[in-house]
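# Fold and contact review
Each chain is listed here by its residues.
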Amino acid sequence: MTGNIPIWLTELGRTCPFFFPFDTRQMLFYVTAFDRDRAMQRLLDTNPEINQSDSQDSRVAPRLDRKKRTVNREELLKQAESVMQDLGSSRAMLEIQYENEVGTGLGPTLEFYALVSQELQRADLGLWRGDEVTLSHPKGSQEGTRYIHNPRGLFPVPFGRNTKPAHVAKVKMKLRFLGKFLAKAIMDFRLLDLPLSLSFYKWMLRQEISLCSHDIFNIDPVVAKSICHLEDIIKQKKKLEQDRSQALESLNMNGCSVEDLGLDFTLPGYASVELKKGGKDTVVTIHNLEEYLRLVVYWTLNEGVSKQFESFRDGFESVFPLHHLQYFYPEELDQLLCGSKSEAWDVKTLMECCRPDHGYNHDSRAVKFLFEILSSFDGEQQRLFLQFVTGSPRLPVGGFRSLNPPLTIVRKTFESTENPDDFLPSVMTCVNYLKLPDYSSIDIMREKLLIAAREGQQSFHLS
């Protein structure tokens, strides 16, 4: 299968990706980047009706090796680094089980990738630009831990010329692990929960030479807006120099002259990063403003982060070559890595994609309650529910339609003396199975669902 793809097709997919829809290019990527068995597994995962066919020829069924690792929930990032060091470059599918928990298979593995994604956003690692926040519903070691949040996506903190070598080595080691972690997730069809910026994805695709001041909007909109204002002053300056109708010193930003802005040749927000030798002692004036802006853009997008991305690429390419990602635009890599973006769930789609069974059908009161509740969830409630039911807070590209196995809702049974309203729903994440009591009202079901989703995280036991 993978050896019979004509060269012209792969070249066309990489040079003219607009000829093919995303799904087609995604399949072409798996066919050309990996072996036949992995391509076949991807085909079966995205087309579950093939799996159900009685005529499937066992001779072409994928035969993928699987290697299981047991990890402890404490110091998860450290253990993840050890797992990736041992198995990151392996062609075997990685499966995760947690110590003292009976759950195994898809659910714990998806949760592993989601939790490590979160650990990589810890503020104490010093990897990312952004604001420090705490989680709204922390559990276990998350209590008191601060994480980096950036609404435009994560991008590395820049190194300066005088950054301590020990810190540089530590960050480079983490970025190398991140590269291997991302590549392994792609290879094994696992979703991450890591919001990277568009500028990060351009570096992944080796498009960093195309980065310009506008790309800073995808990293720090406040700095980018200031740069735009200062670039307008440069345009006015050039116009004045041509007609000499006004003194250059009259140019200002919101009524303030360039000199009065109090800028020097250090990177905005990072006073220790000098844009040139002696930068902290060099005042920005109308006469050197253009040089200042050029250096701010260069250090933000290139020079200050080049060592980090070099390590990231080394880690990634220890699993498979980055050039295979040329089938995708930078804007599409988030879908490849993290799946479907958050969007409203409507009752019609839920009815079409979810499967009531074992005591329920589409006309059951409980199923109608459930779909109405899910369609009202906000983004955070959606993430909690998905993490609870599937092990991952994100759906694959295509949403519920692409979830494999499909979400199955079954009736949770009780003794005749027991009241369903007194019990919480439970799940089997390995098969996306929701065991739902037949609650007496929609309000009780909503309350119980949210309690279970919040409290049922980070543990896989018999239900």
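Structure: see above.
In this text, all values refer to a predicted model and were calculated from it rather than measured experimentally.

This brings us to the layout of surface pockets. Unoccupied space between atoms shows up once a probe the size of one water molecule is rolled over them. There is about 810 Å³ of room inside the second largest pocket. Around the second largest pocket, the lining is made up of 31 residues, and of these Arg-42, Asp-45, Phe-189, Ser-402 and Asn-404 lie nearest the centre. At the level of secondary structure, the elements contributing two or more residues to the lining of the second largest pocket comprise α2 (22-33), α3 (36-46), α6 (106-119) and α12 (333-338). Here the residues of the lining of the second largest pocket sort into 14 nonpolar, 11 polar and 6 charged.

On to the sheet that holds strand β12 (residues 433-436), then. By definition, the strands of a sheet pair up through backbone hydrogen bonds, in either a parallel or an antiparallel sense. Spatially, 4 strands are ordered β9-β10-β12-β11 in an open sheet, and the strand pairing comes out mixed. Looking at the sheet topology across the chains shown, the edges are occupied by β9 (355-357) and β11 (426-428). Between one strand and the next, the sheet's axes are offset by a mean angle of 25°, whatever the strand orientation. Across 3 bridges, β9 lies against strand β10 (residues 408-411) in parallel orientation. In the strand pairing of β10, Pro-356 is matched with Ile-409. Contacting β11 and β12, helix α15 (residues 379-390) crosses the sheet at an angle of about 55° to β11.

Position of Lys-448 among the secondary structure elements: in helix α16 (residues 442-455). Considered as a pair, Lys-448 and Leu-424 are 24 residues apart in the sequence and their alpha carbons are 5.6 Å apart. In this structure Lys-448 touches Asp-421, Asp-422, Phe-423, Leu-424, Pro-425 and Tyr-439, once residues within four positions along its chain are discounted.

Below, the discussion takes up the packing of aromatic side chains. Under the counting rule described, the total for this entry stands at 24 aromatic pairs. Look at Phe-200 and Phe-312: their rings are 5.1 Å apart centre to centre, the planes differ by 80°, and that puts the pair in the edge-to-face class. Placement of Phe-200 in helix α8 (residues 198-204) and of Phe-312 in helix α11 (residues 306-317) is noted, with a sequence separation of 112 residues between them. The pair formed by Phe-200 and Phe-312 is uniform in burial state, with each residue classed as buried. Between the aromatic rings of Phe-316 and Phe-320, the centroid separation amounts to 4.9 Å while the plane-to-plane angle is 65°, which identifies the pairing as edge-to-face.

The subject of this paragraph is the pattern of salt bridges. Under the definition given, this model contains 23 salt bridges. Between Arg-146 and Glu-132 there is a salt bridge whose closest N-O contact spans 3.0 Å. Residue Arg-146 is found in the loop between β3 (131-133) and β4 (147-149), and its partner Glu-132 is found in strand β3; the two are separated by 14 residues along the sequence. A relative accessible area of 39% means that Arg-146 is categorised as partly exposed. Across the salt bridge formed by Lys-348 and Glu-352, the nearest N and O atoms sit 2.7 Å from each other. One end of the pair is Lys-348 and the other is Glu-352, both in helix α13 (residues 347-353) and 4 residues apart, which spans about a single turn.

About the thresholds
- Residues numbered from 1 in each chain as written.
- Predicted model: local features only at pLDDT ≥ 70, side-chain atom pairs only at ≥ 80, totals over all residues.
- Heavy atoms only, no water.
- 1 Å grid on protein atoms, 1.4 Å probe; cavity = no way out; pocket = protein on both sides within 12 Å on 5 of 7 lines; lining within 4 Å.
- Points joined across faces, edges and corners; volume = space filled by probe spheres on them.
- Helix = DSSP H or I, 4+ residues; strand = E, 2+ residues; numbered from the N terminus.
- Nonpolar A, V, L, I, M, F, W, Y, C, P; charged D, E, K, R; others polar.
- Pairing = 2+ DSSP bridges.
- Axes fitted to C-alpha atoms, helices over the stretch in contact; angles between N-to-C directions.
- Contact = heavy atoms within 4.5 Å.
- Phe/Tyr/Trp six-rings, centres within 6.5 Å; stacked < 30°, edge-to-face > 60°.
- Buried < 20%, exposed > 50% of the residue type's maximum accessible area, 1.4 Å probe, protein only.
- Salt bridge = Lys/Arg side-chain N within 4 Å of Asp/Glu carboxyl O.

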